[in-house]
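Single-letter residue listing:
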Amino acid sequence: MTRYLYILIVLIAVTLQGCGKGNTVATDSQKGKLSYARNLRIYRDGNCTVASIYNSGDSTVSISTYIFPDSDTTSVIPSMADAVVLHPSKLSRLMVYSTVHASALKELGALDAVKIVGDAQYFSMPEITQGIAAGKITDGGTQQAPVKERIIKAAPGAIIISNYEGMDASAIERLGIPIIYMNESQENDPLGRAEWIKLIGLIARHSQKADSIFASTQKNYVALSDLAKGASHKPKVLCETMYQGVWNVAGGDSYAARLIADAGGDYPWKDDSHTGSLQLPFESVLAKASDADLWLIRVFGVNVTLDYLRKQDERYMLFAPAINFSDKDKGIWTADTSKVPFFDETPFHPDLALKDYIAIFHPDLLPNFSPKYFTKVSK
């Protein structure tokens, strides 16, 4: 999956969270249940570790199951319908389609396993871009048009790709190489999404390190959230802009809404129960959020200024953050994800996004910290 598509998934979210790859299998959905992730189960079975991925729309039916034997010589493998067995030797050569997952592999010390990437033009990691330039990493083409000959030559033992609504991975599936469908983008709890690093840990053969990374992320996130609870006020926060005449607004029970709430912000659609996105006309957003204190906008390769927004749609100037953009504690903040690794780092480290949000919402709580990803929009 391209980095750009990952951005769209997070910005637009998933309104119908019901897709899945492979055959569905009824399982004991409580076995291996994790602390926060709803769609992932991990448990031991003999000399193997089993990871089952579930649909967010039905937590009783697994959509894919992966078995990780302790070694290539493990002789007793659990018998499970449609399960994919991934021996250690297979995982020594990987194909990856997203910087998000490549970044996690790097953090786990397993980036050397990445021998080929898909949608290479969207990778910004120096290790990947330089590896491609030096011929050490292969460009395997796009998700829709994989270059079969290159992939076969690179001989990956598994392909890591994100699972999202409406995706078409048929061209990749026809290669006959085991595909690991990552489903973390369907988690609406920030720590639930972060907990998926445990599956990356299994792939990287560094489960203990993955557990340690998540424990640290959880500790930091909870501490920051507790800090935000002490704020004296909650600024009203508007997010993003229109796309093709529609404003894709995160639902009140979505990942984005939870981040804002945990950072001590007041989200206009907090009473909505959707975990995905709402497609709203401009007028509905204006009626609900014209008096917002802050406006957060994430873009890719765009220099957002007040003049830019005015040229995009003069009606944007009706929102209070545009009117009061020069006020110290109000205004518009933007993150250009072509320049800052927001979508590379925050899926498995939501504490980093939370810290940025708190610094913007309540700068007095973090007086010595400047946002890492967001900058205030100038005129």
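Reading the values: the criteria
Residues numbered from 1 in each chain as written. Predicted model: local features only at pLDDT ≥ 70, side-chain atom pairs only at ≥ 80, totals over all residues. Heavy atoms only, no water. Helix = DSSP H or I, 4+ residues; strand = E, 2+ residues; numbered from the N terminus. Rg over C-alpha atoms; globule rule 2.2 N^0.38 Å. Buried < 20%, exposed > 50% of the residue type's maximum accessible area, 1.4 Å probe, protein only. Contact = heavy atoms within 4.5 Å. Areas by Shrake-Rupley, 256 points an atom, 1.4 Å probe, with all protein chains shown as cover. Lys, Arg positive; Asp, Glu negative; His and termini not counted. Charge placed at Lys NZ, Arg CZ, Asp CG, Glu CD. Pairing = 2+ DSSP bridges. Salt bridge = Lys/Arg side-chain N within 4 Å of Asp/Glu carboxyl O. Expected span 1.5 Å × (residues − 1). Core = buried A, V, L, I, M, F, W, Y, C linked by side-chain atoms within 4.5 Å. pLDDT = per-residue confidence, 0-100. Polar contact = N/O pair within 3.5 Å; in protein donor to acceptor, adjacent residues only side chain to side chain.

Visitor: Tell me about the overall build of the protein, and name the residues and values.
Guide: Helix and strand content of the protein: 14 helices and 17 strands. The C-alpha radius of gyration computed for the protein amounts to 21 Å, which stays within 12% of the reference 21 Å derived for 379 residues, consistent with globular compactness. Summarising its shape, the C-alpha atoms of the protein cover approximately 65 × 45 × 40 Å along the three principal directions. By residue count, 55% of the 379 residues in the protein fall in the buried class. Sequence-distant contacts in the protein: of pairs separated by 6 or more residues, those separated by 24 or more amount to 63%. For the protein, the accessible surface area stands at approximately 16,000 Å², while carbon and sulfur atoms represent 50% of it. Once the 38 positive and 41 negative side-chain charges of the protein are each reduced to a mean point, those two points are 3 Å apart.

Visitor: Residues and numbers for the sheet that holds strand β13 (residues 246–250), please.
Guide: Spatially, the 3 strands line up as an open sheet ordered β12-β13-β14, and their pairing is antiparallel. Each edge of the open sheet carries a strand with a single partner, namely β12 (242–243) and β14 (277–280).

Visitor: Let's hear about the environment of leucine 202: which residues, and what values?
Guide: When you line up the elements, leucine 202 lands in helix α7 (residues 197–204). According to the relative accessible area criterion, leucine 202 is buried, its value standing at 8%. Separated by 153 residues in sequence, leucine 202 and threonine 49 have C-alpha atoms that sit 8.2 Å apart. With sequence-adjacent residues up to four places away left out, leucine 202 is seen in contact with Ile42, Thr49, Ala51, Phe68, Leu91 and Ser207.

Visitor: Outline the pattern of salt bridges, listing residues and values.
Guide: Tallied over the entire structure, the rule returns 14 salt bridges. A salt bridge links lysine 106 to glutamate 127; its shortest N-O distance comes to 2.7 Å. Taken together, the residues span a long stretch of sequence, with lysine 106 in helix α2 (residues 99–107) and glutamate 127 in helix α3 (residues 126–133) at a distance of 21 residues. By relative accessible area, which is 42% here, lysine 106 ends up partly exposed. Judged by relative accessible area, which is 33%, glutamate 127 ranks as partly exposed. The network of salt bridges with shared partners includes Asp189, Asp253 and Arg258.

Visitor: Before we move on, could you go through helix α9 (residues 255–262) and cite the residues and values that matter?
Guide: All buried positions along α9 are accounted for by Tyr255, Ala256, Ala257, Leu259 and Ile260. Looking at the buried side of α9, the elements it contacts are α6 (190–194), α8 (207–228), β11 (237–239), β13 and α14 (350–361). Once α9 finishes, glycine 264 follows within two positions and takes phi at roughly 80 degrees, a positive value.

Visitor: Which residues make up α14, and what values go with them?
Guide: Its 12 residues give α14 an end-to-end C-alpha distance of 16 Å, which sits within 8% of 16 Å, the value for a rise of 1.5 Å per residue. With 10 of 12 residues buried, α14 lies mostly within the body of the structure. Three or more residues of α14 are buried, namely Pro350, Asp351, Ala353, Leu354, Asp356, Tyr357, Ile358, Ala359, Ile360 and Phe361.

Visitor: An account of the nonpolar core is requested, with residue identities and associated values reported.
Guide: With 114 residues, the main nonpolar core has Leu199 and Trp247 as its most contacted residues. Broken down by element, the residue count for this core peaks at 7 residues, all from α14. Filtering out sequence-adjacent residues up to four positions away, leucine 199 remains in contact with Leu40, Ile42, Ala51, Ile53, Phe68, Ile180 and Met182.

Visitor: I'd like to hear about the pairing of strand β2 (residues 40–45), residue by residue, with values.
Guide: Bridge analysis of β2 against strand β3 (residues 48–55) gives 6 bridges, and the strand direction is antiparallel. Opposite arginine 44, over in β3, you have threonine 49 as the bridge partner. Where β2 folds back onto β3 in an antiparallel hairpin, the turn is made up of 2 residues, including glycine 46, whose phi is positive at roughly 65 degrees.

Visitor: If you had to explain the confidence of the model for the protein to someone new, which residues and values would you point to?
Guide: Predicted confidence across the protein gives a mean pLDDT of 91, with 91% of residues reaching 70 or more. Below pLDDT 50 for its whole length, residues 1–27 participates in 96 contacts with residues either more than four positions away or in separate chains.

Visitor: Before we move on, could you go through the sheet that holds β11 and cite the residues and values that matter?
Guide: Two strands in a sheet stick together by hydrogen bonds in their backbones, pointing the same way (parallel) or opposite ways (antiparallel). Sheet architecture is open: 4 strands sit in the order β11-β15-β16-β17, paired in mixed fashion. If you trace the sheet from one side to the other, it starts and ends with β11 and β17 (375–376), each paired once. Sheet analysis places strand β15 (residues 294–299) next to strand β16 (residues 331–336), joined by 6 bridges and oriented parallel. The residue bridging leucine 296 from the neighbouring strand is tryptophan 333, located in β16.

Visitor: Go over the side chain of histidine 362 with me, naming the residues and quoting the values.
Guide: Looking at the secondary structure, you find histidine 362 in the loop between α14 and β17. A distance of 3.4 Å separates a polar side-chain atom of histidine 362 from the backbone oxygen of alanine 263. Excluding its chain neighbours within four sequence positions, the residues that come into contact with histidine 362 are Ala231, His233, Lys234, Pro235, Ala263 and Gly264.

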